Amino acid sequence: MRIMEVSIKPFDGRRLKATAAVTFEDGLKLNDVKIINVQSEYFVIMPSRKSMLKDIGHGGLNRFFYRAVRERVLNEFICRTAR
């Protein structure tokens, strides 16, 4: 499944630096992906269920899927913040 688009919404928080939405080729959209900064290193946090008001995708998030999403989200974040 290819990643078609990544949209970044920057934040100016102490740890939370941005949220992202990732759209895949078949129309699936993954919202509320968080980019945090801990000790000068960025991490991508996948969404978690906190409320029944939002639907999030579930399934086998294997390491290859996570790595692909992480790399694309961080690349988009770095390109956007470098402007």
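Residues numbered from 1 in each chain as written. Predicted model: local features only at pLDDT ≥ 70, side-chain atom pairs only at ≥ 80, totals over all residues. Heavy atoms only, no water.

K.L.:
Sorry, what's going on with the pattern of salt bridges here?
P.N.:
A side chain of one charge can pair with a side chain of the opposite charge when the charged atoms of the two come close. Considering all chains together, one arrives at 1 salt bridge under this definition. For Arg72, the salt bridge identified is with Glu76, shortest N-O distance 3.6 Å. Note that Arg72 and Glu76 are positioned in helix α1 (residues 63–81) at a spacing of 4 residues, about one turn of the helix. Given the relative accessible area of 27%, Arg72 is considered partly exposed. (Salt bridge = Lys/Arg side-chain N within 4 Å of Asp/Glu carboxyl O. Helix = DSSP H or I, 4+ residues; strand = E, 2+ residues; numbered from the N terminus. Buried < 20%, exposed > 50% of the residue type's maximum accessible area, 1.4 Å probe, protein only.)

K.L.:
Got a minute to help me understand the environment of Leu30 in this structure?
P.N.:
By secondary structure assignment, the location of Leu30 is in strand β3 (residues 29–38). Counting along the chain gives 24 residues from Leu30 to Val6, while the straight-line C-alpha distance between them is 9.5 Å. Among all residues touching Leu30, those that are not within four sequence positions of it are Ala20, Ala21, Val22, Phe24, Met46 and Pro47. (Contact = heavy atoms within 4.5 Å.)

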